[in-house]
Amino acid sequence: MGEETEMSKIIALALAPPVVAEIAPVAEVHQPVRVAANTERQPPASPAYSFPPVSKVRLRAAAIIRAMVLPGAVFLLVLAVWMLVNAKITSDIPTPAATWARALEIFGQPFYVAGPNDMGIGWQVLYSLGRVMAGFALAVAVGIPVGFLMGASRDVHQACYPLVQILRPVSPLAWLPIGLLVFQAKDPSAIFVIFITSIWPVIVNTSAGVQAIPQDYLNVARVLRLGKLEITRRILIPATLPHILTGMRLSLSVAWMVIVAAEMLTGGVGIGFYVWDEWNNLNVASIIVAIGLIGLVGIVLESLMNLAQRHFDYNRR
Amino acid sequence: MSYLNISNVDVVFPTANGAYIALREVHLEIEQGEFIAIIGHSGCGKSTVLNVVAGLLEATRGGVLLENKEVNSPGPDRAVVFQNHSLLPWLTVYENVRIAVDKVFGKSKSKAERHDWTLHNLKLVHMEHALDKRPGEISGGMKQRVGIARALAMQPKVLLMDEPFGALDALTRAHLQESVMEIQAALNNTVLMITHDVDEAVLLSDRIVMMTNGPAATVGEILKVDLPRPRNRLELADDPTYNHYRAEVLRFLYERQRRPEAA
């Protein structure tokens, strides 16, 4: 909260004594020995509720240890299960050590080019990201205006809502044949699939954001006699921006999930096809490395969107 | 003709069960510089009256005249202090007032003058220390102060306040009431305030308009509060005249207009 008003100070003063009075007896009941010990060490001003100072460094260190140890434990557990699968179920799943060696190999030369069907994993990821960005950008460019219209007009909402509801849960890959037929090419089809699956969160969130604008803001605009353009620029857009950004964040993570599947089917350079290719070569270690990399890229995309949200969303600034 | 004339206003809302008559024959004449409080039980249509004067709601019959001109749309000459402050959360305290100043004085004042006028109004409500804070970072009382500054900055002919302190705790409310009296003494605005707080009505206003219960609510009684200004809350607490007025309002609200099935 911001600065205190005089009132809140008065309230704080008024509340202070009874709170202290309540704490003291409790402390005495539960920790008589400690209180006695403290009285000897500390100056006699307020013996009952003076605690030894807590070292900030120690607190910070404890926080860091927790942040490392707890996830570390889970990581080790997963490694153990992995090794168990390797040892007891199928040795086709390589050991963590072998996978690690493969990872070093792959990341040692991420950008090599040995012909159109043999490129480093860096290129694979970049090509996939390119398709994702194209489809995502299209989804945002179309989804935001459509969402705005649906949020602002009851008729448009009524007209489009059933269609949105029907198409939203459709699996991305069901769209691929349509894309291939219409575009007669792999890349545009993949981009189309990204577009058609990642547009729904943008539409739904934008329209919900517009609908959620409090009537009060619009009343303020009316009292000030703001024009249509001013209302859009000064009220509608800033008020809906948090919702739009949430929609975009969901949309981007959907897009990144979809691209792998789409590329498996369309082929070409891309992390999805890379996984498929390595499966055909039975390089399971490469697939596991790719899975890790796909996850990491997903995190990076997510944090980029988080950064954007922190920058543009008035709730989180 | 009086300065602000609310002339035989009826407000009827169409509902699924037929027409709902919210207000019937509401008539009120207000002089320039008067501080009027409208009091009544919740749901009696007090806010409807204010919304009609603000132009946010159209009267079904009758109308509102301000300086002999009919009011039929909202405008900054009838600035509203909304109950829940309705500051724009993505703008800072300064920007929330500045947007109103720019809109109202964009042509008549220079940029520097508009800046000064924004600061002046924020100083009036004692908020000059939080110019760059956003509404989410300040307390409810402070938000309402900024809401008042924004309304004052429009230099309205009538200041409309819709239960401005209803959502605040008692101490903060008292604090803001002092501020409003201070500002009123300095600017002598014409104010129409909706309230459900008897003490607030008696303390602040020149006349108290008591409304009957809805549906078809109307002006039940008008009480002239003849207490010298400046008024001091503590001195008035033992003042027989003050307590007489207070009792009058209470009697109206709880004997004559007792809510049919009080919740």
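Criteria and cut-off values
- Residues numbered from 1 in each chain as written.
- Chains lettered and ligands numbered in written order.
- Predicted model: local features only at pLDDT ≥ 70, side-chain atom pairs only at ≥ 80, totals over all residues.
- Heavy atoms only, no water.
- Pairing = 2+ DSSP bridges.
- Helix = DSSP H or I, 4+ residues; strand = E, 2+ residues; numbered from the N terminus.
- Contact = heavy atoms within 4.5 Å.
- Buried area = accessible area lost by both parts, 1.4 Å probe.
- Salt bridge = Lys/Arg side-chain N within 4 Å of Asp/Glu carboxyl O.
- Polar contact = N/O pair within 3.5 Å; in protein donor to acceptor, adjacent residues only side chain to side chain.
- Nonpolar A, V, L, I, M, F, W, Y, C, P; charged D, E, K, R; others polar.
- pLDDT = per-residue confidence, 0-100.
- Patch = residues over 30% accessible without salt bridge, like charges linked within 9 Å, V, L, I, M, F, W, Y side chains within 5 Å.
- Areas by Shrake-Rupley, 256 points an atom, 1.4 Å probe, with all protein chains shown as cover.
- Buried < 20%, exposed > 50% of the residue type's maximum accessible area, 1.4 Å probe, protein only.
- Right-handed = clockwise from strand over helix to strand, strands pointing away.
- Axes fitted to C-alpha atoms, helices over the stretch in contact; angles between N-to-C directions.
- Arc of directions from axis to C-beta.
- Parallel < 35°, antiparallel > 145°, perpendicular 65-115°, else oblique.
- Left-handed = near helix turned anticlockwise from the far one by under 90°.

A.B. asks: Looking at this model, I keep getting lost on the sheet that holds strand E7 (residues 158-162) of chain B. Mind explaining?
C.D. replies: Either a parallel or an antiparallel arrangement is found when strands of a sheet pair, and the pairing is made through backbone hydrogen bonds. Residue and element names in this part refer to chain B. Read across the open sheet, the six strands follow the order E6-E7-E8-E3-E9-E10; overall the sheet is mixed. Each having just a single partner strand, strand E6 (80-81) and strand E10 (219-224) make up the two edges of the open sheet. As paired elements, strand E3 (residues 35-39) and strand E9 (residues 207-211) share four bridges and run parallel to each other. Bridged to Ile-36 within E9 is Arg-207.

A.B. asks: I tried to follow the interface of chain A and chain B on my own but got confused; where do I start?
C.D. replies: The parts lose accessible area when they come together, and the size of an interface is often stated as this lost area. Taken together, the contact between chain A and chain B spans 24 residues of the former and 34 residues of the latter. Across the chain A to chain B interface the summed buried area is about 2,600 Å²; carbon plus sulfur atoms make up 66%. B:Lys103 serves as the salt-bridge partner of A:Glu230, at 3.0 Å between the closest nitrogen and oxygen. Taken together, the connections running from chain A to chain B amount to four residue pairs in polar contact (both at pLDDT 80 or more). Among the elements of the structure, helix H1 (6-30), helix H9 (215-223) and helix H10 (228-266) of chain A are those that each provide at least two residues to the side of chain A that touches chain B. Considering every element that reaches the side of chain A that touches chain B, the biggest residue donor is H9(A), with six residues. Grouping the constituent residues of the side of chain A that touches chain B by class yields twelve nonpolar, three polar and nine charged.

A.B. asks: Help me understand the confidence of the model for chain B in this model?
C.D. replies: Detail in the predicted coordinates should be disregarded across regions flagged by low pLDDT. Scored by pLDDT, chain B comes out at a mean of 91, with 98% of its residues at no less than 70. In the predicted assembly, ipTM is 0.88 and pTM is 0.75.

A.B. asks: In this structure, what is going on with the pattern of salt bridges? I would like to understand it.
C.D. replies: Pairs can form between side chains of opposite charge once their charged atoms are near each other. Under the counting rule described, the total for this entry stands at 19 salt bridges over all chains. With its nearest N and O atoms 2.6 Å apart, the salt bridge here joins B:Arg246 to B:Asp199. Of this pair, B:Arg246 sits in helix H8 (residues 240-256) while B:Asp199 is found in helix H6 (residues 198-204), placing the two residues 47 residues apart along the sequence. Connected through salt bridges with shared partners, the residues A:Arg102, A:Glu105 and A:Glu278 form a single ionic network.

A.B. asks: Honestly, a nonpolar patch on the surface in this entry has me stumped. Any pointers?
C.D. replies: Together, A:Ile64, A:Ile65, A:Met68, A:Val69 and A:Leu70 give the surface a local cluster of nonpolar side chains, amounting to about 520 Å² of exposed area. Topologically, A:Ile64 is positioned in helix H3 (residues 56-89).

A.B. asks: How do you make sense of the side chain of A:Thr240 when you look at a structure like this?
C.D. replies: Within the secondary structure, A:Thr240 sits in helix H10. Judged by relative accessible area, A:Thr240 falls into the buried class, the value being 0%.

A.B. asks: What is the right way to read the pairing of E7(B) from this model?
C.D. replies: Along any regular strand, the residues point their side chains to alternate faces of the sheet. Residue and element names in this part refer to chain B. Counting buried residues in E7 gives five out of five residues, a clear majority hidden from the surface. Residue alternation in E7 divides its side chains into two sets, Val-158, Leu-160 and Asp-162 and Leu-159 and Met-161, and both sets are buried. Note that E6 and E7 share two bridges and pair parallel. Note that in E7 the partner of Val-81 across the bridge is Met-161. Relative to strand E8 (residues 190-195), E7 runs parallel, the two sharing five bridges. By the bridge assignment for E8, Asp-162 is matched with Ile-194. Crossover E7 to E8 through helix H5 (residues 170-187) is right-handed.

A.B. asks: Whenever I open this one, the environment of A:Val54 confuses me. Can you help?
C.D. replies: Examined against the element boundaries, A:Val54 turns out to sit in the loop between helix H2 (32-41) and H3. In this structure the C-alpha to C-alpha distance between A:Val54 and A:Tyr314, which are 260 residues apart in sequence, comes to 35 Å.

A.B. asks: Can you walk me through the sheet that holds strand E2 (residues 18-30) of chain B in this structure?
C.D. replies: Residue and element names in this part refer to chain B. If you trace the four strands from one edge of the open sheet to the other, you get E2-E1-E4-E5, paired in antiparallel fashion. Looking along the sheet, the strands with just one partner apiece sit at the ends: E2 and strand E5 (69-71). Averaged over all pairs of adjacent strands, the angle between their axes in this sheet comes to 35°, without regard to strand direction. Note: strand E4 (residues 61-66) against E5, three bridges, orientation antiparallel. Within the sheet, the bridge partner assigned to Val-64 lies in E5 and is Val-71. With respect to the sheet, helix H1 (residues 46-54) is in contact with strand E1 (4-15), E2, E4 and E5, its orientation differing from that of E1 by roughly 115°.

A.B. asks: So what exactly am I meant to see when it comes to helix H11 (residues 271-280) of chain A here?
C.D. replies: In an α-helix, one turn spans 3.6 residues, which is why side chains three or four residues apart end up on the same side. Residues and elements named next belong to chain A. Where H11 is concerned, the buried positions are Ile-271, Gly-272, Tyr-274, Val-275 and Glu-278. For H11, the angular spread of the buried residues around the axis is 165°, confining them to a single face. Check the buried side of H11 and you find it contacts helix H4 (96-108), helix H5 (121-152), H10 and helix H12 (284-312). Positioned one or two residues after H11, Leu-282 has a phi angle of 55°, which is positive.

A.B. asks: Is there a simple way to think about the packing of H5(A) against helix H8 (residues 186-211) of chain A in this case?
C.D. replies: Working note: a packed helix pair is described by the angle between its axes plus the distance between those axes. Residue and element names in this part refer to chain A. Interhelical geometry of H5 versus H8 gives an angle of 30° and a closest axis separation of 6 Å. As the angle between them shows, H5 and H8 are arranged roughly parallel. As for how H5 packs across H8, the hand of that crossing is right-handed. Tallied by class, the residues present in the contact of H5 with H8 amount to 20 nonpolar, eight polar and two charged.

A.B. asks: What is the right way to look at the environment of B:Gly55 in this model?
C.D. replies: Tracing the backbone shows B:Gly55 in the loop between H1 and E4. Relative accessible area serves as the criterion here: at 8%, B:Gly55 is assigned to the buried category. Sequence spacing of B:Gly55 and B:Lys109 is 54 residues, and the spatial spacing of their C-alpha atoms is 26 Å. Beyond its immediate stretch of four places on either side in the chain, B:Gly55 contacts A:Arg222, B:Val71, B:Asn72, B:Ser73, B:Pro74 and B:Arg78.

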